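The chain contents come next:
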Amino acid sequence: MSTVTLKNLVKDYPNGFRAITDLSLHLDDGEFLVLVGPSGCGKSTALRMIAGLEDITSGDLYVGDRRLNDVAPKDRDMAMVFQNYALYPQMTVAENIAFPLKLRRVPKAERTAQVLQAAEILELTEQLDKKPAHLSGGQRQRVAMGRAIVRHPALFLMDEPLSNLDAKLRVQMRADIAGIQRELGVTTFYVTHDQVEAMTMGDRVAVIKDGVLQQVDTPESIYGSPDNVFVAAFIGSPSMNLFEASLTGSDEPDGGYSLALGDQRLAVPAEVVADRPSLASYEGRPVVVGIRPEHLEDASVAPDHPDDQRLDATVDVREALGAETLVHFNLNAQSVDSGDPDALDDLRDTGRCTARFSASSQARVSDQIRVNVDGRKLHFFDRQTHLAIRG
Amino acid sequence: MQLSRPPIRPSRIALHAVMILLVVWSVTPFIWTAQTSIKFTRDVASKTPVLWGYETTANAYRNFWLDSDDLNMWGVLAFILVVAAVATALGLIGRRARHGWPWFLGATAVICVALWRFPRIWEANDEYDFLVNSVVVTILTMVISLSIGLLAGYGLARYTGISGAVILIVALGFRALPRTAFVLPYFFGAKEIDDWLTSTGVGSWNFPLIDFPGIDTLQILDTRLAIVLALVAVNQPFTIWMLRSFFIEVPKEMEEAAMMDGATRLQAFRKVIIPIMWPAIIATGLFTMLLAYNEYLFVRVLAPTEWTLPVAIVSLTGGESSRTITEAAAASVSITLPIVIVIILFQKHLVRGLGAGAVKG
């Protein structure tokens, strides 16, 4: 059992590209930390640096008190699950799982017992004599897990282990992996581009972009109070709606503000302002305002809503998902580019807003609707730095 | 239910006609040779070719295989050892290739019978044993080529820097040159070395460990070593390129997984990568074997007396030799047989080698 500490890790490639900038993280003993980011953000590089498959340009890596920068991968006592599983095709499932033990010269009887135990945990007992080529995707994934858990390593490293599975299996394996990790209590460093995996599996989530760590926190905090525009847009599906808006003081006696969002106005409740005293300094200036789709509701479904926290819109697209209905409309305001390279936003679509209405909403395409905005759940960010406005 | 057959189109007929023509074109010389080996000399020598209806005889084979009035006992002993070694090697390869043992015992038995004593060949010159030369040259060329090719191919597959590309392009360039172009430079080079060995007297030093009986002077020309070195050199670009193309198919994660599991880089190569590569190794080895076993020109020039089988057989037909053309044909058929058997056994791997890319992670 062990803690992991990354101190100012930097990775420079020979061509001058800096893949990781000043990455500092700490994992508690038994913690499940998910590193999430868009493709090409350096998250796999970070994992491979911990594994020893990539050199560390500068900074320190500690497991417990031991500095591991110059230790060979085989001596780091870490087990890794690869995206393509990397099972040894010439070996049976049992031989695959036993391979790490064999390299450590564990006696045969003990080896067999441990393989059986691992197979039991992963429900692979029936498959032990098969070759990887004869296994389904989910079974291969579990063999890769088996190879990792059989050695009782100090640290699990997982590099997008679920991305090659179909959607249904992914949901199941997500729960299985999290369950096994909790059962074994092994510190785990998990890399994914899928924010759903990050939110559901991790004790804590670390969001990374272009090799720079953006925020590390519990899934709830990352979701509830993102540190910057990128994290706000990246976590959550559908993404948070982000617009430029200008903040003006209100005439009302309680000292609230109002937002000019395109050609509409939206009241900012006094309690929101009270929570963010520094918002006062933005008065009369443009800010970035963020609204999560679930904090928008069809006014006809919830009529008891302050009238100054409503927007007018014309429905462009309606997606009925059964439990809820996604409605897209245009707010005629300037959208903000969060910097996520995977996002499909294109500039012609500026002002597009997504709302998650309850299923009882009757809004149809090209209907004129009123949309309730839950003013208490608004997010504010600085327009220049993209940092959250708090405190 | 009736199976639907593809409609017979003119293009299909033409395609098959061309393929049949090609097969006939390449097989005819061998059939001709095989026919010659079972004819009487009068039919072979007749002005109008006798294609069928001739009287057959096994005389040529009988003369060639069994007419041993003065056997070279050392040669026989060496032959038995070589056959034992070949059988063991075949068995090991066979286990890797996952054919059953009976297959290989059977194959080895056939090869043994097919090769059983070429008395005439090793009587042609009392001191040398052409069969042993052939086997030694073939195996050494295979082993050395594959050893270098595996390491170089692996390195070049994993290293993507500019110098790796340069090595590959240079290798390709050498592969593109005709092999014939290398014969004379090798000959003169070897001659220079031999001259130096003689003039400095180094060639006649007695090295305690390599003081083989029957070898008085150290030299390059006219030794098996010369043939092996030359063949390894001309064949190396091919082995490197072919093995590299197989290594590229093996995902990098394979050795990374092994290293995470606790293997050193060398252990990862040996225990994970090489077992995946066996089909590739067998295919590349077979191509190398064919090259070395069939080589004529290099042997003829670099080893004027240390002949291998192809050179020895050609010598049967010409010069002062009193042997008949039918015996030469019988010899040709006999030395082709083992190769044909090996190819049939491993043709699956050969085809995979030709269409490199069968190794999937």
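Draft legend 1. The arrangement of a nonpolar patch on the surface in detail. Residue and element names in this part refer to chain B. On the surface, a cluster of nonpolar side chains totalling about 370 Å² of accessible area is made up of Ile139, Leu140, Val143, Ile144 and Ile148. Mapped onto the elements of the fold, Val143 is located in helix α7 (residues 130-158). The exposure class assigned to Val143 is partly exposed, which follows from its relative accessible area of 48%.

Draft legend 2. Local environment of the pairing of strand β8 (residues 187-192) of chain A. All names here are of chain A. With six of six residues buried, β8 is to be regarded as a mostly interior element. Taking every second residue as pointing to the same face, both faces of β8 are buried, with Thr187, Phe189 and Val191 on one and Thr188, Tyr190 and Thr192 on the other. Sheet analysis places strand β7 (residues 155-159) next to β8, joined by five bridges and oriented parallel. Residue pairing across strands places Leu155 opposite Thr187, the latter belonging to β8.

Draft legend 3. Spatial organisation of the domain arrangement of chain A. Residues and elements named next belong to chain A. By domain assignment, chain A separates into domain 1 (4-234) and domain 2 (241-381). Relative to domain 2, the C-alpha centre of domain 1 lies at a distance of 38 Å. Listed as interface residues are 13 residues of domain 1 and, on the opposing side, 12 residues of domain 2. Across the domain 1/domain 2 interface, buried area totals approximately 1000 Å², and carbon plus sulfur atoms make up 59% of it. By the criterion of area lost to domain 2, the three top residues of domain 1 are Tyr223, Val229 and Ala232, representing 45% of everything that side buries.

Draft legend 4. Region of interest: the nonpolar core. If you look at the biggest cluster of nonpolar residues, it comprises 63 residues, and the most contacted ones within it are Leu157 and Phe189 of chain A together with Phe247, Ile273 and Met277 of chain B. In terms of residue count, helix α12 (residues 265-294) of chain B provides more of this core than any other element does, 10 residues in total. Apart from the residues lying within four places of it in its own chain, the contact partners of Ile273 of chain B are Tyr154, Phe247, Val250, Met254, Glu255 and Ala268 of chain B. Core analysis: the next-biggest nonpolar cluster, separate from the first, contains 43 residues, Leu87, Leu101, Leu124 and Ala144 of chain A among them.

Draft legend 5. Here's a closer look at the sheet that holds strand β11 (residues 241-249) of chain A. All names here are of chain A. If you trace the five strands from one edge of the open sheet to the other, you get β13-β12-β11-β14-β20, paired in antiparallel fashion. In this open sheet, the two edge strands, each paired with only one partner strand, are β13 (264-268) and β20 (379-381). On average, each strand axis in the sheet is tilted by 40° relative to the strand beside it, whichever way the strands run. Sheet analysis places strand β12 (residues 257-261) next to β13, joined by five bridges and oriented antiparallel. Note on β13: the bridge partner recorded for Ser258 is Ala267.

Draft legend 6. Quick peek at the sheet that holds β8 of chain A. Residue and element names in this part refer to chain A. Strand order in the open sheet made by the six strands is β6-β7-β8-β3-β9-β10, with mixed pairing throughout. Of all the strands in the sheet, just β6 (78-81) and β10 (212-217) have a single pairing partner and so form its edges. On average, each strand axis in the sheet is tilted by 15° relative to the strand beside it, whichever way the strands run. Helix α1 (residues 43-51) rests against β3 (32-36), β6, β7, β8 and β9 (204-209) of the sheet, and its axis sits at about 150° to β7. Against the sheet, helix α5 (residues 167-184) touches β3, β7 and β8, its axis set at about 140° to β3.

Draft legend 7. Representation of the side chain of Thr188 of chain A. Residue placement: Thr188 of chain A occurs in strand β8. Of the polar contacts made by the side chain of Thr188 of chain A, one reaches the side chain of Gln181 of chain A; its length is 3.4 Å.

Draft legend 8. Highlighting the interface of chain A and chain B. Counting residues at the interface gives 22 residues for chain A and 19 residues for chain B. With its nearest N and O atoms 3.5 Å apart, the salt bridge here joins Asp261 of chain B to Arg147 of chain A. Inspection of the chain A/chain B interface yields 11 residue pairs in polar contact (both at pLDDT 80 or more). Breaking the side of chain A that touches chain B down by element, the ones donating at least two residues are α1, β6 and α2 (93-103) of chain A. The biggest single contributor to the side of chain A that touches chain B is α2 of chain A, with three residues. A breakdown of the residues in the side of chain A that touches chain B according to their chemical character gives 15 nonpolar, two polar and five charged.

Calculation criteria
Residues numbered from 1 in each chain as written. Chains lettered and ligands numbered in written order. Predicted model: local features only at pLDDT ≥ 70, side-chain atom pairs only at ≥ 80, totals over all residues. Heavy atoms only, no water. Patch = residues over 30% accessible without salt bridge, like charges linked within 9 Å, V, L, I, M, F, W, Y side chains within 5 Å. Areas by Shrake-Rupley, 256 points an atom, 1.4 Å probe, with all protein chains shown as cover. Salt bridge = Lys/Arg side-chain N within 4 Å of Asp/Glu carboxyl O. Helix = DSSP H or I, 4+ residues; strand = E, 2+ residues; numbered from the N terminus. Buried < 20%, exposed > 50% of the residue type's maximum accessible area, 1.4 Å probe, protein only. Pairing = 2+ DSSP bridges. Domains from an automatic or database assignment. Contact = heavy atoms within 4.5 Å. Buried area = accessible area lost by both parts, 1.4 Å probe. Core = buried A, V, L, I, M, F, W, Y, C linked by side-chain atoms within 4.5 Å. Axes fitted to C-alpha atoms, helices over the stretch in contact; angles between N-to-C directions. Polar contact = N/O pair within 3.5 Å; in protein donor to acceptor, adjacent residues only side chain to side chain. Nonpolar A, V, L, I, M, F, W, Y, C, P; charged D, E, K, R; others polar.

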